[in-house]
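Structural characterization, general
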Amino acid sequence: GGQRDGLRAGLLWRHVHGGAEDAPAVRELVLAGLPVDHRHLCHAEVQDLDVVLLPEHLAQTHIAAYDAVVSLEVVEHVSDLAAFLEAIARLVRPGGILVIGTLNRTAKSYALGIVGAEYVLRLLPVGTHAWNKFVKPEELEKPLGNHGFRRERIAGVSMNPVSWHWSLSKDVNVNYLATFRKND
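Bear in mind that the values here come from a model prediction, so they are computed numbers and not experimental data. (Residues numbered from 1 in each chain as written. Predicted model: local features only at pLDDT ≥ 70, side-chain atom pairs only at ≥ 80, totals over all residues. Heavy atoms only, no water.)

A word on the overall build of the chain. For the chain, the helix and strand inventory stands at five helices and six strands. Listed N to C, the secondary structure of the chain is β-α-α-β-α-β-α-α-β-β-β in terms of helices and strands. Residues classed as buried in the chain amount to 43% of the 184 residues present. Considering only contacts in the chain between residues 6 or more positions apart, those separated by 24 or more positions represent 75%. Entry remark: accessible area of the chain is about 9800 Å², with carbon and sulfur atoms responsible for 54%. (Helix = DSSP H or I, 4+ residues; strand = E, 2+ residues; numbered from the N terminus. Buried < 20%, exposed > 50% of the residue type's maximum accessible area, 1.4 Å probe, protein only. Contact = heavy atoms within 4.5 Å. Areas by Shrake-Rupley, 256 points an atom, 1.4 Å probe, with all protein chains shown as cover.)

Here you go:
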């Protein structure tokens, strides 16, 4: 109820290169038709990240409190995917948006996301990712469907190795963003 003052967004961001307003996930919110007021966005770089509340704790007091929740590069690190998805699903109001960005479990994601990023280019510490914890899009759809969500869109997230800029793409075989809307 009441008028919204821009977008109240709960963002669970592991890392984003560049400003929050340039992130592909924010573009997903705009594409979903949500007015994005950048004053309401939270942004944390990996080295500065202090987790004060886990979504499981936040979901106890902030049920259906947010128009949008964005979880980037998180789900492939959680120990209990079902519990994490249930918690972030509880944070989204009916009609709201949930955007999840993660790594797909494919041979290409192993080659680029682990071998390339961790061992060859050393963009991440070796051991940051475990390929068996990468999440296929359909592994998000069923549990989120049980919480009243339907997938609206899926897009790949690709890095240009020359410019080092990330952009949306049609290739969901490595990184992808899946946008879900909660039923009213």
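Another point: the pairing of strand β4 (residues 149-159). Taken together, the eight bridges between β4 and strand β6 (residues 175-182) define a ladder with antiparallel strand orientation. Bridged to Phe149 within β6 is Lys182. One ladder, built from four bridges, connects β4 with strand β5 (residues 166-169); its direction is antiparallel. Across the sheet, residue Gly156 finds its bridge partner in β5, namely Ser169. (Pairing = 2+ DSSP bridges.)

Mapping Glu76 onto the fold places it in the loop between β2 (66-72) and α3 (81-91). Glu76 sits in the buried class, given a relative accessible area of 2%. Side chain to side chain, Glu76 and Thr102 meet in a polar contact 2.6 Å long. Leaving out residues up to four positions away in the same chain, Glu76 has contacts with Gly101, Thr102, Leu103, His129, Lys133 and Phe134. (Polar contact = N/O pair within 3.5 Å; in protein donor to acceptor, adjacent residues only side chain to side chain.)

Let's shift gears to a nonpolar patch on the surface. The grouping of Tyr110, Val115, Tyr119, Val120, Leu121, Leu123, Val126, Trp131 and Trp164 at the surface amounts to a nonpolar patch, some 860 Å² of accessible area in total. Mapping Val120 onto the fold places it in helix α4 (residues 107-120). Given a relative accessible area of 60%, Val120 falls into the exposed group. (Patch = residues over 30% accessible without salt bridge, like charges linked within 9 Å, V, L, I, M, F, W, Y side chains within 5 Å. Salt bridge = Lys/Arg side-chain N within 4 Å of Asp/Glu carboxyl O.)

This part covers unusual backbone geometry. One non-glycine residue, Ala64, lies in positive phi territory at about 55°. Considering the arrangement of structural elements, one finds Ala64 in the loop between α2 (55-61) and β2. Unlike most non-glycine residues, Trp164 shows phi in positive territory, near 65°.

The next point concerns the environment of Leu91. Here Leu91 lies in helix α3. Judged by its relative accessible area of 2%, Leu91 is buried. Taking the C-alpha atoms as reference points, Leu91 and Pro55, separated by 36 residues in sequence, lie 8.2 Å from one another. The residues touching Leu91, leaving out its near neighbours within four places in the chain, are Leu58, Ala59, His62, Ala64, Ala65, Tyr66 and Val69.

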